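Descriptive structure summary
Listed below are the residues making up each chain.
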Amino acid sequence: VYKPTQLQSEIRELKHRLDDLKFEVYEEVSNLFVEIYAYQEEIAFQEEQLETLYETLDKNEARMILGQAQQSDIDAINGNINKINISLAENKRGFENAKEEMGDLINLDISTQYRFLNPYVEMEVPRDRLEQLVEYTLANDQSYYEAKMATQLALLQLDTNYDLMKKQYGSDMNLISSYVQ
């Protein structure tokens, strides 16, 4: 009796899973884009730091010749340069790996000649929009949708079984109805 309804429910669930998969891919691409942008900005910042440190190193080496700087200052700057170079190499490796992963995901070669723009958008969301955001989230959440469909299907099955039992047992059904519903 409820088989067509169950099939319709399964079709709706599969369509919803497809939408959920699309959102998942979109989220993965968005997260990768943000990761790539963060690497790009960190690399640029570290390169600027290195330039400044090399300039400071040159100045301190010249000052050391004049007796105005100490070797410990130069050693400290060299230590900072080494730390930043190691971190920079790690970030460049991460940047290239993330770009390769993104390229595989979107089926596009983005390994060279791409500058990634700031993905962050500033906006203020008024509190009165919160209810709409919650409704949108619930409407597009796969696990919530599956639970909702399972509940509706279970209630339909319960109603159908109750009606069948009522036809079978008639007035005696009143005695056991509290256990069924």
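A brief report on the enclosed structure follows. Numbering of residues begins from 1 in every chain and follows the order in which that chain's sequence is written. Since the coordinates come from a predicted model, pLDDT governs what is reported: local features require at least 70, and pairs of side-chain atoms require 80 or more to be given and counted, while whole-chain, interface and lining totals use all residues. Only heavy atoms go into the side-chain values, all of them from the structure, while hydrogens and water stay out.

**Thoughts on the overall build of the chain**
From N to C terminus, the chain includes 5 helices and 0 strands. Only DSSP runs of H or I with at least four residues qualify as helices, and only runs of E with at least two residues qualify as strands; both kinds are numbered from the N terminus onward. Reading the chain from its N end, one meets helices and strands in the order α-α-α-α-α. For a compact globule the rule gives 2.2 Å times the number of residues to the power 0.38, and the radius of gyration it is set against comes from C-alpha atoms. A compact globule built from 181 residues should have a C-alpha radius of gyration of about 16 Å, whereas the chain, at 32 Å, is more than 25% larger. Taken along its principal axes, the extent of the C-alpha atoms in the chain is 110 × 35 × 30 Å. The burial tally for the chain puts 20% of its 181 residues in the buried class. We call two residues contacting when some pair of their heavy atoms lies within 4.5 Å. When contacts within the chain are restricted to residue pairs at least 6 apart in sequence, long-range pairs at least 24 apart make up 70% of them. Note that accessible areas follow from Shrake-Rupley with a 1.4 Å probe, and for residues the cover is restricted to the protein chains shown. Accessible surface, the chain: about 13800 Å² in total, of which carbon and sulfur atoms supply 53%. We treat Lys and Arg as the positive residues and Asp and Glu as the negative residues; His and chain ends play no part in the count. Lys charges are placed at NZ, Arg charges at CZ, Asp charges at CG and Glu charges at CD. Between the averaged position of the 17 positive side-chain charges in the chain and that of its 34 negative side-chain charges there is a distance of 7 Å. Burial here depends on accessible area, computed with a 1.4 Å probe over protein chains only, as a share of the maximum for the residue type. Under 20% is buried, over 50% is exposed, and the range in between is partly exposed.

**Regarding a nonpolar patch on the surface**
On the surface, Val121, Met123, Val125, Leu130, Leu133, Val134, Leu138 and Tyr144 cluster together into a nonpolar patch covering about 740 Å² of accessible area. Tallying contributions element by element places helix H3 (residues 130-140) first for the nonpolar patch, with 4 residues. By secondary structure assignment, the location of leucine 133 is in helix H3. When its relative accessible area of 42% is taken as the criterion, leucine 133 is described as partly exposed. Residues enter a patch when their relative accessible area is above 30% and they make no salt bridge; the linking distance is 9 Å between like charges and 5 Å between nonpolar side chains (Val, Leu, Ile, Met, Phe, Trp, Tyr). Salt bridge, as used here, is a side-chain nitrogen of Lys or Arg placed within 4 Å of a carboxyl oxygen of Asp or Glu.

**Looking at the packing of helix H1 (residues 3-65) against helix H4 (residues 142-169)**
Working convention: axes come from line fits to C-alpha atoms, limited for helices to the stretch in contact. Angles between N-to-C directions cover 0 to 180 degrees. Relative orientation of the contacting elements H1 and H4 amounts to 175 degrees, with a least axis distance of 10 Å. Classed by the angle they form, the pair H1 and H4 counts as roughly antiparallel. Of the residues in H4, those in contact with Thr5, Gln6, Ser9, Arg12, Glu13, His16, Arg17 and Asp20 of H1 are Gln142, Tyr145, Glu146, Met149, Leu153 and Leu156. Here the angle decides the label: under 35 degrees means roughly parallel, over 145 means roughly antiparallel, 65 to 115 means roughly perpendicular, and every other value means oblique.

**Some thoughts on a negative patch on the surface**
Negative charge collects at one region of the surface, where Glu24, Glu27, Glu28, Glu35, Glu100, Glu101 and Asp104 lie side by side. At the level of elements, H1 and helix H2 (71-106) are the ones that each hand at least two residues to the negative patch. Of the residues forming the negative patch, the biggest block, 4 residues, is contributed by H1. Mapped onto the secondary structure, glutamate 35 falls in helix H1. Judged by relative accessible area, glutamate 35 falls into the partly exposed class, the value being 35%.

**Here we look at H4**
Every helix has an expected span of 1.5 Å times one less than the residues it contains. The end-to-end C-alpha distance of H4, which contains 28 residues, comes to 40 Å, matching closely the 40 Å that a straight helix rising 1.5 Å per residue would cover. Listing the buried residues of H4 in full gives Gln142, Tyr145, Met149, Leu153, Thr160 and Tyr162.

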